[in-house]
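Notes for the structure review
This is what each chain is made of:
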Amino acid sequence: MARAGITADRLVAAAAELADEAGFEQVSLSALARRFGVRDASLYAHVRNLQDLRHRLALLAGGEMIDRIAVAVAGRSGRDALAAYADAYRAYALTHPGRYSATQIRIDPALVDADAPAMRRTVEITYGMLRGYGLAEPDLTDAVRLLRATFHGYCALEAVGGFNAPRDVRASWERAIDALHIALENWPREETDHHV
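Residues numbered from 1 in each chain as written. Predicted model: local features only at pLDDT ≥ 70, side-chain atom pairs only at ≥ 80, totals over all residues. Heavy atoms only, no water.

**Here we look at the layout of surface pockets**
Counted as a void, the largest pocket has a volume near 940 Å³. Every element with two or more residues in the lining of the largest pocket is listed here: α3 (50-73), α4 (78-95), α6 (117-131) and α7 (139-159). (1 Å grid on protein atoms, 1.4 Å probe; cavity = no way out; pocket = protein on both sides within 12 Å on 5 of 7 lines; lining within 4 Å. Points joined across faces, edges and corners; volume = space filled by probe spheres on them. Helix = DSSP H or I, 4+ residues; strand = E, 2+ residues; numbered from the N terminus.)

**Brief notes about the nonpolar core**
Counting residues in each nonpolar core, the largest one holds 34 residues, and the members touching the most others are I69, L82, L130, F151 and L184. Broken down by element, this core gets its largest block of residues, 10 residues, from α4. Setting aside its immediate chain neighbours within four residues, I69 contacts Y85, A88, Y89 and I125. In terms of nonpolar packing, the next biggest core, distinct from the first, is built from 23 residues, F24, V27, A33 and A102 among them. (Core = buried A, V, L, I, M, F, W, Y, C linked by side-chain atoms within 4.5 Å. Buried < 20%, exposed > 50% of the residue type's maximum accessible area, 1.4 Å probe, protein only. Contact = heavy atoms within 4.5 Å.)

**Some words on the pattern of salt bridges**
In this structure the tally under the stated criterion is 15 salt bridges. With a closest N to O distance of 3.9 Å, R54 and E25 form a salt bridge. Of this pair, R54 sits in helix α3 while E25 is found in the loop between α1 (8-22) and α2 (29-36), placing the two residues 29 residues apart along the sequence. According to the relative accessible area criterion, R54 is buried, its value standing at 17%. Given the relative accessible area of 59%, E25 is considered exposed. Where E174 meets R170, a salt bridge forms, and the shortest distance between an N and an O atom there is 2.6 Å. (Salt bridge = Lys/Arg side-chain N within 4 Å of Asp/Glu carboxyl O.)

**Let's talk about unusual backbone geometry**
Here the residue pair E137 and P138 is connected by a cis peptide bond, since its omega of 5 degrees sits within 30 degrees of zero. Within the element layout of this structure, P138 appears in the loop between α6 and α7.

Interpretation note: all reported values are geometric properties and have no functional meaning in isolation.
What follows is the structure, given as structure tokens:
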């Protein structure tokens, strides 16, 4: 490709493709420069460094993922919304393993607009689904952490073939969603009134 054809968006899109093909850790400016047929230095006109590129990739992937989740949960509530959310999450993680890995990196808030559309939409969709269970802070944050840990742990293990028992992996996933639904319906509310 001609150097003039490189833009920040095209560079991040190429990084996303490379991440899915070879793994997130294989995304480098050198590898992308080879894809575009340019020298590494040419890419610094579009991104500050590798960390900047990976942050942009994380935001792109996070936006793609929450868009799929939003479509899945639209018009649903309770267990139906939870299952739709979980299934869309899992599908993205397994279909786009490199991009999904990018969504797990910590992004320094100082380096990114805290009001970035993908981040704002993720909070709105996730917290909105959980408010359907009658949760409010600080329980919302705790519930988000439980869901993220469960979904990520399951997907990470499934992606590397970590489930060896003969039980169908999808059946176990469904049972996990049932268990999460029961936990959310019976959430141990944190006491905010400390009067005796």
